Amino acid sequence: MCDNLGVDEGGKTPGRSVGDNVGPPETPWEEGGESNRREHHVLGDLERFLTVPVNSLVGSVVVPAWRRSTRGESVWPVRGAVLAAIALQFALPHRYAMPPRWLFPAVGVAVTVALWVAHPRRITKHTPVLRTLSVALIVVMSFSNAGSGLRLITALLGGHAGESAGGLLLPGGAIWLTNVIVFAMWYWDLDRGGPAARANAMRPYPDFLFAQMTVDHLSRPDWTPEFIDYLYLSFTNATAFSPTDTLPMARWAKLTMMPQSTVSLCLVALVIARAVNI
């Protein structure tokens, strides 16, 4: 009878001593040790994550302002840049200004008035007519300033640009500053379809990669590129002759930055070299 119950004649269970505690068999978790405990915790965290409501996850995602619709940018910096370019054209000596001299100021004033009427405070809606006028202004500014720069360079190479350093630095500086404004307007008007298209998030991929786009937590949540950012981009490209903190992503942007750097380099090198030798 004792043999059937697995108890020897001394009343002891085989393989166990008298002092052993008899308990339930070990579970697989206990047999696996610390690795199974870690796996259990990971599975528990995954289960809790999967049971989070979808609405709370969507609400926690922050979309940068430059990738969504915004209230648009102010038109005042653009108006100021156009007026400054008109003033710089009047500061040029007559022999360096491109005829007809009234064309540049007339188109500039027309676009400024059109901006005032269509967008009194901020650029929010896409207007094909106004966009055509703005592109026409930039084209007129580009050809006018390029012609002035070519006349100045021709005079410098021919040796009849003037006998005083001031007479060279004044037109050279005016042409260089106008060049900065002109290319800033090109960048501003073409990046992602223009200011109105950017305000309505019509194009998701940027043509210029600003520093604020790469590090979201170091910039304001409502940051979007505006005209001042493109003016700074143009200025640094004209002074460093290459991109600095803003990278051109689109091919048209790269091809546009190349002639700006070339024109700026020629103006700076020739004007300063001639002014120093006088």
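Our structure's up above, just so we're on the same page.
Residues numbered from 1 in each chain as written. Predicted model: local features only at pLDDT ≥ 70, side-chain atom pairs only at ≥ 80, totals over all residues. Heavy atoms only, no water.

(A) Molecular detail of the overall build of the protein. Scanning the protein from terminus to terminus reveals eleven helices and four strands. Expressed as a percentage of the 278 residues in the protein, the buried residues total 36%. Contacts spanning at least 24 positions in sequence make up 74% of the contacts within the protein whose residues lie at least 6 apart. Accessible surface, the protein: about 16,700 Å² in total, of which carbon and sulfur atoms supply 65%. (Helix = DSSP H or I, 4+ residues; strand = E, 2+ residues; numbered from the N terminus. Buried < 20%, exposed > 50% of the residue type's maximum accessible area, 1.4 Å probe, protein only. Contact = heavy atoms within 4.5 Å. Areas by Shrake-Rupley, 256 points an atom, 1.4 Å probe, with all protein chains shown as cover.)

(B) Up close: helix α4 (residues 76-91). In a regular helix each residue adds 1.5 Å, so 16 residues correspond to 22 Å; α4 covers 23 Å between its end C-alpha atoms and thus fits that length. Val-78, Arg-79, Ala-81, Val-82, Ala-85, Ile-86, Leu-88 and Gln-89 are the residues of α4 that are buried. (Expected span 1.5 Å × (residues − 1).)

(C) Quick peek at the side chain of Asn-145. Mapped onto the elements of the fold, Asn-145 is located in helix α6 (residues 128-158). Ignoring any residue separated from it by four or fewer positions in sequence, one finds Asn-145 in contact with Gln-89, Ile-175, Thr-178 and Asn-179.

(D) Representation of the pattern of salt bridges in the model. Summed over the entire model, instances satisfying the criterion amount to three salt bridges. Between Arg-220 and Asp-222 there is a salt bridge whose closest N-O contact spans 3.1 Å. Residue classification places Asp-222 among the partly exposed positions, given a relative accessible area of 48%. (Salt bridge = Lys/Arg side-chain N within 4 Å of Asp/Glu carboxyl O.)

(E) Quick look at helix α5 (residues 103-118). For α5, which comprises 16 residues, the first-to-last C-alpha distance of 22 Å matches the rise-based estimate of 22 Å (1.5 Å per residue) to within 8%. Within the span of α5, buried status applies to Phe-104, Pro-105, Val-107, Gly-108, Val-111, Thr-112, Ala-114 and Leu-115. Lining the buried residues of α5 we find α4 and α6.

(F) Representation of the environment of Met-249 within the structure. When you line up the elements, Met-249 lands in the loop between β4 (247-248) and α11 (251-277). Classification of Met-249 as partly exposed rests on a relative accessible area of 46%. Separated by 40 residues in the primary sequence, Met-249 and Leu-209 have C-alpha atoms spaced 6.6 Å apart. Not counting residues up to four positions away in its chain, the partners in contact with Met-249 are Pro-206, Asp-207, Phe-208, Leu-209 and Lys-254.

(G) A look at the nonpolar core. Counting residues in each nonpolar core, the largest one holds 48 residues, and the members touching the most others are Met-141, Met-185 and Phe-208. Listed by contribution, the elements that provide at least two residues to this core are α4, α5, α6, α7 (165-190), α10 (227-240) and α11. Of all the elements, α7 adds the most residues to this core, at eleven residues. In contact with Met-141, other than residues within four places in its own chain, are Ala-85, Phe-104, Ile-181, Val-182 and Met-185. (Core = buried A, V, L, I, M, F, W, Y, C linked by side-chain atoms within 4.5 Å.)

(H) Main features of the packing of α4 against α6. Running from N to C, α4 and α6 point in directions that differ by 30 degrees, and their axes come no closer than 12 Å. Relative to α6, the element α4 is oriented roughly parallel. α6 is crossed by α4, and the crossing has left-handed handedness. Residues Val-82, Ala-85 and Gln-89 of α4 form the contact with α6, whose own contacting residues are Leu-137, Met-141, Ser-144, Asn-145 and Ser-148. Split by residue class, the contact of α4 with α6 holds four nonpolar, four polar and no charged. (Axes fitted to C-alpha atoms, helices over the stretch in contact; angles between N-to-C directions. Parallel < 35°, antiparallel > 145°, perpendicular 65-115°, else oblique. Left-handed = near helix turned anticlockwise from the far one by under 90°. Nonpolar A, V, L, I, M, F, W, Y, C, P; charged D, E, K, R; others polar.)

Keep in mind these values describe shape, not function.
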